[in-house]
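# Descriptive analysis of the structure
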Amino acid sequence: MAFLKKYLLTILMVFLAYYYYSANEKFRPEMLQGKKVIVTGASKGIGREIAYHLAKMGAHVVVTARSKEALQKVVARCLELGAASAHYIAGSMEDMTFAEEFVAEAGNLMGGLDMLILNHVLYNRLTFFHGEIDNVRKSMEVNFHSFVVLSVAAMPMLMQSQGSIAVVSSVAGKITYPLIAPYSASKFALDGFFSTLRSEFLVNKVNVSITLCILGLIDTETAIKATSGIYLGPASPKEECALEIIKGTALRQDEMYYVGSRWVPYLLGNPGRKIMEFLSAAEYNWDNVLSNEKLYGRWA
Ligand SMILES: *[C@@H]1O[C@H](CO)[C@@H](O)[C@H](O)[C@H]1NC(C)=O
């Protein structure tokens, strides 16, 4: 406790300086010009808007979702908007074999990969949990497990390009809301897994950024349909949301917030957690960990 008190101020100042510094970096659309980007869940909603923004910025895009017809339209529009190239590969993220093969195929189409935007999500009704275990399993598979599979498949290309991963999550992946237990579980899992991975990359000097995107309610058709008459909070525009996701990811921020209120990021940023993580890192014997990594590791 004495230790905590002694260093609290210093640590807080470091974090404040860090936030100030990262907020000062400027995004330029040219950052995405010619970049090779995968967008999942891109047949509609936020994913489709992300693809359109990327197209306007002159990026190469490969989009995926289940609906071939919808993806064809997205690709056609991307080309109109100025994409360097645009392709689609249709498939279901319930199928891990598809997820893995999709990344390889997308990489072949673009000749590499700079940015992996993981945005797809299982449609979930707002309802009390009364034992629907299959729904929990499916939510974890689609919203969490496939994100891991896609990232693993993309890592060799992302390491080569010193690229970025965007993990689209939710305020419901930081705090709990009634009626969405399976969804919330999968979004919390993303934070646990990808925030750990980010800290490991730092230790291993793997220069692949991971941006956890914390979104509030967005005015997509799906979200409006799911929350209609039940959740009365305001919904923010998907077009701006999509742009903010691209910005945060291109600037290699650890987390980005798009939540409607400018105070929410400070409340959810959880300085207590950051201080604990910082302090616990000092408790490891990194020499031993890193020499084991050399023996067994694949990303070191
Ligand atoms: C990590 O990659 C980014 C993007 O390529 C680059 O700007 C930055 O300098 C790299 N950092 C290190 C330590 O190599």
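On a predicted model such as this, the values are computed, not experimentally measured, just so you know.

What surrounds the ligand is the set Gln 162, Asn 207 and Arg 252. At 3.3 Å, a side-chain N or O of Gln 162 approaches an oxygen atom of the ligand. In this structure, an oxygen atom belonging to the ligand sits 2.4 Å away from a side-chain N or O atom of Asn 207. For the ligand, the protein covers 35% of the area, taking 360 Å² as the surface of the free molecule.

A few words now on the pattern of salt bridges. According to the stated counting rule, one finds 10 salt bridges in the structure shown. Glu 30 serves as the salt-bridge partner of Arg 28, at 3.8 Å between the closest nitrogen and oxygen. Ionic pairing is found between Lys 138 and Glu 94, a salt bridge with its closest N-O pair at 3.7 Å. Placement of Lys 138 in helix α5 (residues 133-161) and of Glu 94 in the loop between β3 (85-90) and α4 (96-110) is noted, with a sequence separation of 44 residues between them. Among the charged side chains, a network of salt bridges with common partners joins Lys 174, Asp 191, Glu 255, Arg 273 and Glu 277.

Bringing the side chain of Ser 164 into the picture now. Take Ser 164: it is sitting in strand β5 (residues 164-170). Setting aside its immediate chain neighbours within four residues, Ser 164 contacts Asp 114, Met 115, Leu 116, Leu 158, Val 208, Ser 209, Thr 249 and Arg 252.

As a further point, take the sheet that holds strand β1 (residues 36-40). The seven strands are arranged β3-β2-β1-β4-β5-β6-β7 in an open sheet whose pairing can be described as parallel. What marks the edges here is a single partner per strand, and that holds for β3 and β7 (255-258). The sheet shows a mean angle of 15° between the axes of neighbouring strands, direction not considered. Where β1 meets strand β4 (residues 115-118), three bridges bridge the pair, whose relative direction is parallel. Following the sheet pairing, Val 37 is matched in β4 by Met 115. Helix α3 (residues 68-81) rests against β2 (60-65) and β3 of the sheet, and its axis sits at about 175° to β3.

This part is about the UniProt feature "glycosylation site" in the chain. Under the feature "glycosylation site", the UniProt entry names Asn 207. Summarising the element assignment, Asn 207 is placed in the loop between α6 (181-204) and β6 (209-215). What makes Asn 207 partly exposed here is its relative accessible area of 40%. If we ignore the near neighbours within four places in the chain, the residues touching Asn 207 are Gln 162, Gly 163 and Arg 252.

Taken as a whole and assessed by the stated rule, the structure comprises six aromatic pairs. Each ring, one from Phe 98 and one from Phe 102, has its centre 5.8 Å from the other, and the planes form 25°; the classification is stacked. Remark: Phe 102 and Phe 98 occur in helix α4; sequence separation between them is four residues, near one turn of the helix. Comparing Phe 98 with Phe 102 shows no difference in burial state: the two are buried. For the pair Phe 193 and Phe 194, a centre-to-centre distance of 5.1 Å together with 80° between the ring planes defines the contact as edge-to-face. The partly exposed category is assigned to Phe 193, whose relative accessible area is 30%. Since its relative accessible area comes to 1%, Phe 194 is described here as buried. For Lys 225, the ring lying beneath its charged end belongs to Tyr 123, and the centroid distance is 4.8 Å.

Next up on the list: unusual backbone geometry. In this structure, Gln 162 takes a positive phi of about 50° despite not being glycine. Relative to the helices and strands, Gln 162 is located in the loop between α5 and β5. Unusually for a residue other than glycine, Asn 270 sits at a positive phi of about 55°. Here Asn 270 is to be found in the loop between α9 (264-268) and α10 (271-281). Since its relative accessible area comes to 35%, Asn 270 is described here as partly exposed.

The residue Ile 218 is located in the loop between β6 and α7 (221-227) in this model. With 19 residues separating them in the primary sequence, Ile 218 and Pro 237 have C-alpha atoms 5.9 Å apart. With near-sequence residues (within four places) excluded, Ile 218 lies in contact with Ile 46, Ala 223, Ile 224, Ala 235, Ser 236, Pro 237, Lys 238, Cys 241 and Tyr 258.

What counts, and where the lines are drawn
Numbers given for residues are sequential positions, taken from 1 along each chain in its written order. Per-residue local features of the predicted model are confined to residues with pLDDT of at least 70, and side-chain atom pairs are confined, for both listing and counting, to 80 or more; whole-chain, interface and lining totals are unaffected and use all residues. For side-chain calculations, the full set of non-hydrogen atoms in the structure is used, while hydrogens and water are omitted. If a single non-hydrogen atom of a residue is within 4 Å of a molecule or strand, that residue counts as near it. In protein, a polar contact requires one atom able to donate a hydrogen and another able to accept it; more generally it is a pair of N or O atoms within 3.5 Å, and residues adjacent in sequence count only if both atoms are side-chain atoms. Under the convention used here, a 1.4 Å probe and the Shrake-Rupley method define accessible areas, while residue burial counts only the protein chains that appear. Any carboxyl oxygen of Asp or Glu within 4 Å of a side-chain nitrogen of Lys or Arg constitutes a salt bridge here. The helix and strand labels rest on DSSP assignments: H or I over at least four residues marks a helix, E over at least two residues marks a strand, and numbering proceeds from the N terminus. Residues are treated as being in contact if the distance between any of their heavy atoms lies within 4.5 Å. At least two bridges found by DSSP between two strands is the condition for calling them paired. Orientation is described by axes fitted as lines to C-alpha atoms, over the contacting stretch for helices, and by angles from 0 to 180 degrees between their N-to-C directions. UniProt positions are given in the numbering used here, feature names are shortened, and annotations may be inferred rather than shown by experiment. Under the scheme applied here, a residue whose accessible area is under 20% of the maximum for its type counts as buried, over 50% as exposed, and between as partly exposed, the area being computed with a 1.4 Å probe on protein chains only. The aromatic pairing rule takes the rings of Phe, Tyr and Trp, using the six-membered ring of Trp, and pairs them if the centres are within 6.5 Å, calling planes under 30 degrees apart stacked, those over 60 edge-to-face and the rest tilted. Any Lys NZ or Arg CZ found within 6 Å of a ring centre and within 35 degrees of that ring's normal is scored as a charge over the ring.

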